[in-house]
Amino acid sequence: ESKQSHFVTFSCYRRQVRFSGDKLRNLFLSSLEHTRRHYGLRIYGYVVMPEHVHLLVSEPERRNLSVVLKALKQAVARRALAGLRRLAEALLHVLEVGAGAEGGLGVGEHHGADAAVAGTAVEAAVRESRLPGRVVLLPFWRRDRSAAG
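Residues numbered from 1 in each chain as written. Predicted model: local features only at pLDDT ≥ 70, side-chain atom pairs only at ≥ 80, totals over all residues. Heavy atoms only, no water.

(A) Unusual backbone geometry, seen in detail. Here R15, not a glycine, exhibits a phi torsion of approximately 55°, which is positive. Along the chain, R15 turns up in the loop between β1 (6-11) and α1 (22-39). Here R63, not a glycine, exhibits a phi torsion of approximately 75°, which is positive. Among the structural elements, R63 can be located in the loop between β3 (52-57) and α2 (65-96). (Helix = DSSP H or I, 4+ residues; strand = E, 2+ residues; numbered from the N terminus.)

(B) Quick look at α1. Compared with the 26 Å implied by 1.5 Å per residue over 18 residues, the 25 Å span of α1 between its first and last C-alpha is a close match. Residues of α1 that are buried: L24, L27, F28, S31, L32, T35 and Y39. Angular distribution of buried residues about the axis of α1 spans 140°; they occupy a single face of the element. Note on α1: the residue one or two positions beyond its end, G40, has a positive phi of about 65°. (Expected span 1.5 Å × (residues − 1). Buried < 20%, exposed > 50% of the residue type's maximum accessible area, 1.4 Å probe, protein only. Arc of directions from axis to C-beta.)

(C) Molecular detail of the nonpolar core. V8, F10, F19, F28, V53, L55 and L72 are the most contacted members of the largest nonpolar core, which totals 20 residues. Put simply, the parts of the chain that give this core at least two residues each are β1, α1, β3 and α2. With six residues, α2 is the single largest residue contributor to this core. In this structure L72 touches F10, F28, S31, L32, T35 and L55, once residues within four positions along its chain are discounted. (Core = buried A, V, L, I, M, F, W, Y, C linked by side-chain atoms within 4.5 Å. Contact = heavy atoms within 4.5 Å.)

(D) Region of the structure containing the packing of aromatic side chains. Counting across every chain of the model gives two aromatic pairs. Pairing F19 with F28 gives two aromatic rings, centres 5.5 Å apart and planes at 55°, and the pair type is tilted. Exposure class is identical for F19 and F28. Each is buried. One aromatic cluster is present, built from ring pairs that chain together F10, F19 and F28. (Phe/Tyr/Trp six-rings, centres within 6.5 Å; stacked < 30°, edge-to-face > 60°.)

(E) Seen up close, the sheet that holds β1. Strands sit in the order β1-β3-β2 across an open sheet of three strands; the sheet is antiparallel. Where the open sheet ends on each side, the last strands, each with one partner, are β1 and β2 (43-48). Strand-to-strand twist in this sheet, taken as the mean axis angle between neighbours without regard to direction, amounts to 10°. As paired elements, β1 and β3 share six bridges and run antiparallel to each other. Residue pairing in the sheet places T9 in a bridge with H54 of β3. This element, α1, spans β1, β2 and β3 of the sheet and lies at about 160° to β2. (Pairing = 2+ DSSP bridges. Axes fitted to C-alpha atoms, helices over the stretch in contact; angles between N-to-C directions.)

(F) Fine view of the pattern of salt bridges. Tallied over the entire structure, the rule returns five salt bridges. Between E33 and R36 there is a salt bridge; the shortest N-O distance is 2.6 Å. Taken together, the positions of E33 and R36, both in helix α1 and three residues apart, correspond to about one turn of that helix. E33 gets classed as partly exposed once you look at its relative accessible area, which sits at 30%. Between R37 and E33 there is a salt bridge whose closest N-O contact spans 3.1 Å. Residue R37 and its partner E33 are located together in helix α1, separated by four residues, close to a single helical turn. Connected via shared salt-bridge partners are E33, R36 and R37. (Salt bridge = Lys/Arg side-chain N within 4 Å of Asp/Glu carboxyl O.)

So, in structure tokens, the structure goes:
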């Protein structure tokens with residue numbers, strides 16, 4: 001341990017813009033605070049940019065800096081993926097149950113107005129999640145309902 005300060009920069013996977021919205025940026029900041037307390041890390045400054053982060057930090061009291069940064073990145077990724085899974089489940093529910101009286105939209109089928117209602121609901125759910133990017137609606141296919149039970 002050098003007991004020196006470190007300037008650390010890391011970027012999102014393939015420099016994708018991930019921190020432009022409040023949700024993921026706040027998720028990162030809460031994970032940074034948890035990491036700071038857990039590992040005894042002093043944070044002298046930070047900048048969260050849309051696709052990368054700058055940190056000015058001390059040596060951690062527990063473990064080495066590479067372990068601490070790995071834990072921070074893993075915590076952010078796991079929490080973000082958990083949020084995306086919850087969103088995906090909600091969107092699947094909209095498509096299966098909320099789109100029509102028959103129990104949803106089937107892949108390969110065209111349900112006219114029901115498809116438009118489901119598409120609007122999906123777009124609204126993604127917009128409300130404040131995730132960066134755009135909504136792409138792909139053709140639907142029929143799920144094997146006997147396997148779903």
